[in-house]
Every structure is written in C-alpha cells, then in structure tokens.
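Next come the chains, spelled out residue by residue.
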Amino acid sequence: MRVVVSGFYGLGNTGDEAILEAIVDNLRNEIDDVDITVFSLSPEQTARAHNVKTVYRGWRHQNKEKVQALRQADLLISGGGGLLQDTYPTKFLFGPLPYYLLIAFLAKLCGAKVMFFSQGIGPVTSAWGKILMKVFANRADFVTVRDEYSKDYLHQLGVTRPETVVTADIVFAFQKKEDDACMKSLPLSADERLVAVSVRPWFEHGDYYEKLAQSLDELIASEGITPVFVPMEGHHDVNASKRVMEHMKRADACHLLAGDFTPNQYLNFIGDCEMTIGLRLHSLIFSALTAVPHIGISYDKKVESLLKRSGMWDYSFRLEELDSVKLTAHARDVLARRDVLSKKVANHAASMRRDALENIELLKKKFM
C-alpha cells in the first residue's frame, strides 16, 4: 500500500513530530510492505528521522514531485493535528487551511483516496474559510477526529458527506522507547521532586506568565519542587519559558531543557516527573501517556477536550481564568494525591490509546 502523509511536519513542533512518528510506527506495525511518503518543510531531516520518502511540502518547490507521489498513492492521510483552522490568516489560497484542503483536492484529482486522520477541527471563522471547508472537505472519503467537539464543529461547517468517527489523538498510540537524554542534560540530584512546565507564547493574556511565576515560587518554597521547563516548539517556547522565569524570585531553582530534543526524549522526561503544569496540548498528552497527573491551562477547545478525557479538568483552568492562588492550591492537592490521580490518569489514557489505535484499524477497514 502506498501512503502519502500531509501535515505540519518538518517545522520543529514536538507535538506534530510526535504525531508523525506515531503514524509511521503504527502503519508499519499494522500494514505489510507499506510505502510512506511525507510532505515536509524539512524533507531531508524528516527522511533521516523516520526512514521515509519525502517531498518538500510548500508550493515553492517540488510540485511535480507532489503530483507524482499522489498519482502513485493509494491514500492521502491528511493529519493528524489541528490542520483545518484559520487562526492564522487565510487569504484566498494562502494559509494553512487552503493548503491542506488543496493538497487533499489534488490527491483526489490524482486518483488517490483521502482520509482526514485524527484531526482536531477549527476554529474556522472567516467566510472564505467556511466556503473552502464546505466545498473541499466534503470531498474526503473518510474522516476521524480526536474529540466530539471536532465532529460537531465539522457538521456546523456543513461538512457532512464523508463518514466521521470520533477516535483520539494518534499520539496516544505513540510507541515509547527508553531514552534519558533530557534527564542526563540537567544537573539534578536523585531526590528532587520534578515538575514539568510547558508554556508557549501568548499575546492576548500576557499576564499569565506572571501568574504562573508566582505560583511556581510558592510551590518551590512550600513543596520543595524543582520546576523544569519543557519547550515543545523550539526557541518559541524557550523564550516563553525565560519570560516566566524573569518574573520569578526563585528562578535559580528552575531548569530549562534545550529546545531540540526528540518527542520520545521529552516523553521519557515527563514520565519521570511528579506532575505537569502545561499549556501545550502534547505536553499534557505525554503526561497522560506516562500516567503523570497534570494541570492544564487551556487556550483552546482542543486542550479542554483532552483534559476532560484525561480526568484532570477539575484541576485545570481556562487561560483567561487562571488564578495564581488557585493554581498553587490545585498543584498542592495534585502532589498530595499523586498516586491516586496517577492511577486515574492511566485508566483514562488506556481508553484513549484504544481509541487512537482505532484510527489505524478504520484506515485498514476502509482502504485495504
């Protein structure tokens, strides 16, 4: 079977690279002699990391190669992740939403089937974006989405023709390999209580940096924790982490991981922590995968949906409602009940892993 995978790959986002690794590993586990080509912004790097064929994903180069790959393909996998949204500006045929829909349309013209795979949908708020979704997304052959909200949102946008099934983020089917590179990079003692902290740049609620800093200072003083910042998107998250530490009185008690570790290395590190406090969706997914209790700060419905499924929403916050005093109290409670909550998270994660693997089973059922 020949498969082309289209997504936000080759741009250094840990969550998206984890999605690609999970897709590739599980396709190879479940389909004999599968031939995989990935559209990537860093094709050489992606080819080395995953031992796949690659084509440059942008329109500036290798358009003939894109067409050739799609003509030879049996199936285009569009996803996973939050591809179909217009948070970034959408101008006619420029922007993420037109790009992914046009790749899907091109695949149909080339005779390949199209599956929107384990996607989180939206937001799509522009009139042009809604038109594009209704015209092009309805041409897909099959759709799986990672939460019920995304299925409902598709229907609100008028995307009803392809069958749509709710599964889970494919990263819940990630195949963990032991690797302690992150831990070895830090000057830690054996008895430290590590708390993973994942932040990202955010402009609408810039005061969250200070609120988080206040809470971390209090937790260092009262609970003896060691916060370790885990940058999930390279220098963007490194800079956001430094911004939090600039507001801290006890920044000397924190550590900041480099921004160039692999998804598997970050996953292993988070698995060795007492707790995670995170904005990045996949830092919370990594926590659930490794049964680490987590407090999410939700800037998007996709984060809130995940926290409800992982059983940790009661401890978490919407970004605009973040309160440093309540965050400190919730963190103390999570640390005190760590063992009980770890079992709860593990049970929820096991269910989501089954749902994530359903993405592959449905692909086989529909297209083989």
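It should be noted that the structure appears before, not after, this text.
Criteria and thresholds
- Starting afresh in each chain, residues are numbered from 1 along the sequence in its written order.
- Reporting in this predicted model follows two pLDDT cut-offs: at least 70 for local features of residues, and 80 or more for side-chain atom pairs to be given and counted; totals over whole chains, interfaces and linings ignore these cut-offs and use all residues.
- For side-chain calculations, the full set of non-hydrogen atoms in the structure is used, while hydrogens and water are omitted.
- Two strands form a pair only when DSSP identifies at least two bridges running between them.
- Numbered from the N terminus, helices here are DSSP runs of H or I no shorter than four residues, and strands are runs of E no shorter than two.
- Axis lines are fitted through C-alpha atoms, for helices just across the contact stretch, and the angle between N-to-C directions can take any value from 0 to 180 degrees.
- Between two residues, a contact is recorded if the distance between any of their heavy atoms is within 4.5 Å.
- Patches here are clusters of residues that have more than 30% relative accessible area and form no salt bridge, with a 9 Å joining cutoff for like charges and a 5 Å cutoff for nonpolar side chains (Val, Leu, Ile, Met, Phe, Trp, Tyr).
- Computed with a 1.4 Å probe, the accessible areas rest on the Shrake-Rupley method; for each residue, only the protein chains presented here act as cover.
- Should a side-chain nitrogen of Lys or Arg be within 4 Å of a carboxyl oxygen of Asp or Glu, the pair is scored as a salt bridge.
- Think of it in three bands: residues with accessible area under 20% of the maximum for their type are buried, residues over 50% are exposed, and the middle band is partly exposed, with areas taken using a 1.4 Å probe on protein chains only.
- A crossover gets the label right-handed when its path from the first strand over the helix to the second runs clockwise, viewed with the strands pointing away from the viewer.

Caption draft 1: Summary view of the sheet that holds strand 7 (residues 163–166). As summarised here, the arrangement of the seven strands in space is 3-2-1-4-5-6-7, forming an open sheet in which the pairing is parallel. With partners counted over all chains shown, the strands left at the sheet margins are strand 3 (53–56) and strand 7, one partner each. With direction set aside, neighbouring strand axes in the sheet form an average angle of 20°. As paired elements, strand 1 (residues 2–6) and strand 2 (residues 35–40) share five bridges and run parallel to each other. Its bridge partner being in strand 2, Val4 is matched across the sheet by Thr37. Contacting strand 1, strand 2, strand 4 (75–81) and strand 5 (113–119), helix 4 (residues 96–109) runs over the sheet at an angle of about 150° to strand 5.

Caption draft 2: A nonpolar patch on the surface, seen in detail. Taken together, the side chains of Phe92, Leu93, Phe94, Trp128, Ile131 and Val135 present a nonpolar region at the surface, about 600 Å² in accessible area. Its place among the elements puts Leu93 in the loop between strand 4 and helix 4.

Caption draft 3: Here's a closer look at the pattern of salt bridges. Under the counting rule described, the total for this entry stands at 23 salt bridges. In this structure, Lys364 and Glu30 form a salt bridge, with 3.1 Å as the shortest nitrogen-oxygen distance. One end of the pair, Lys364, is in helix 14 (residues 338–367); the other, Glu30, is in helix 1 (residues 14–30), and 334 residues separate them in sequence. Classification of Lys364 as partly exposed rests on a relative accessible area of 22%. Close ionic contact of Arg318 with Glu321 constitutes a salt bridge, the shortest N to O distance being 3.9 Å. Owing to a relative accessible area of 29%, Arg318 belongs among the partly exposed residues under this scheme. Beyond isolated ion pairs, a larger network of salt bridges with shared partners links Arg193, Glu218, Glu223, Glu274 and Arg332.

Caption draft 4: Here's a closer look at the pairing of strand 6 (residues 142–145). A two-sided burial pattern is seen for strand 6, the buried positions comprising Phe142 and Thr144 on one face and Val143 and Val145 on the other. When strand 5 meets strand 6, the two strands line up parallel, connected through three bridges. When the bridges of strand 6 are listed, Gln119 appears paired with Val145. After leaving strand 5, the chain enters helix 5 (residues 127–136) and then returns to the sheet as strand 6, a path that is right-handed. As paired elements, strand 6 and strand 7 share four bridges and run parallel to each other.

Just geometry here; none of it tells us what the structure is for.
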